[in-house]
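Tertiary structure, described
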Amino acid sequence: MPLGKRIGQSSQSSLYKPAEANKLPNEAMLFQAEEPKYSFDDIILNCRTYDSIQDVLTIYEKRDLLFDKWGLGAAYKQQNRAGINLYGYPGTGKSMAAHAICKQLNRKILIVDYSQIESKYVGETAKNLVTMFNYAKQSHSVIFFDEADALLSKRVTNMSSSTDVSVNQTRSVLLVLINDYDDLILFATNFITNYDPAFMRRILAHVKFELPDEESRSKLWKMYIPQKMPNNADINILAAKYSGVSGSDISNAVLNASLRAARLSENIVQHSYFEEAIERIVKSKADNSDLGELVSRRTVSEEYVKEQLGGEIPR
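Heads up: these notes are all about the structure in this document. (Residues numbered from 1 in each chain as written. Predicted model: local features only at pLDDT ≥ 70, side-chain atom pairs only at ≥ 80, totals over all residues. Heavy atoms only, no water.)

Secondary structure summary: the protein contains 12 helices and five strands in total. Across the 315 residues in the protein, those meeting the buried criterion constitute 43%. For the protein, contacts bridging at least 24 residues in sequence account for 73% of all contacts bridging at least 6. With the model as given, the accessible surface of the protein reaches about 17700 Å², and the carbon-plus-sulfur share is 51%. (Helix = DSSP H or I, 4+ residues; strand = E, 2+ residues; numbered from the N terminus. Buried < 20%, exposed > 50% of the residue type's maximum accessible area, 1.4 Å probe, protein only. Contact = heavy atoms within 4.5 Å. Areas by Shrake-Rupley, 256 points an atom, 1.4 Å probe, with all protein chains shown as cover.)

Let us look at the side chain of lysine 94. You can see lysine 94 is positioned in helix α3 (residues 94-105). Of the side chains bearing the opposite charge, aspartate 146 lies closest to the buried lysine 94, which forms no salt bridge; the N-O distance is 7.0 Å. Reaching out from lysine 94, the side chain makes a polar contact with the side chain of asparagine 190 at a distance of 2.9 Å. Look past the residues within four positions of lysine 94 in its chain and what remains in contact with it is Leu86, Tyr87, Gly88, Tyr89, Ala188, Thr189, Asn190 and Phe209. (Lys, Arg positive; Asp, Glu negative; His and termini not counted. Salt bridge = Lys/Arg side-chain N within 4 Å of Asp/Glu carboxyl O. Polar contact = N/O pair within 3.5 Å; in protein donor to acceptor, adjacent residues only side chain to side chain.)

For the rest of this paragraph, the subject is the side chain of asparagine 128. For asparagine 128, the location among the structural elements is in helix α5 (residues 124-139). Note on asparagine 128: relative accessible area 4%, which makes it buried. A distance of 2.9 Å separates the side chain of asparagine 128 from the backbone oxygen of isoleucine 117, its partner in a polar contact.

What follows is the structure in structure tokens.
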């Protein structure tokens, strides 16, 4: 999912230029909220994940019951405040769900573009974050941090440079902004273990996105294979045989199978093409995991040897 539209994709009248832009003429930031691209009808989610999301959104739909009749207003002064962290495996629909949430609430989504937030000037990144939150409030849009661990990972404890100080400052400012913001904020990550514990405490709900089960895989195959595409795919076999794949994997497999048939000028996309495509994806994921473990083992081994030799490893 793209992290945001770039400068020049819309008219200047629809964009918000922060005051800090005149200080950094070469890095002027532009924020733009956009209409959500997906609804919950476009996503295949298991009931547990869907219900967890809807539970949190009840804060906007049952306000009178919750805060007045049931008395929660006495304890919860920020009645619009709700943070939802969507976490789990890649390709399971977290970013699409963020759009769907905004669609359900009939609000625009402000996708955080980290290239526009981060600055090489010490202290400017924190100022940019303040400006972004102000824009979201003024435009009544929902802030969405995709790959949120990029900004909300654990703070540096052994600071050895000005960069470390700046990173910690940015994260501290962001935590304060999140804590004081009286509105919905959405986060998504594949690596929840990277989050700073202080951030975890500030979020109302953490919703896990699992890899689809067989029933969900069947629905995904049906959704991604167009009705007008001539094919003899046996969806029941595909769903039962290939576990551990995401909706994104299935989407890519359908496209790759179609490309094979088109290249060979065939009139039908064969079932075997779908199997070959998804098998390549499964194998690549397994190879990626094996390579990651190999690199990890090599790193530990080298560090151990360096420690034992008291210096660099001879090459």
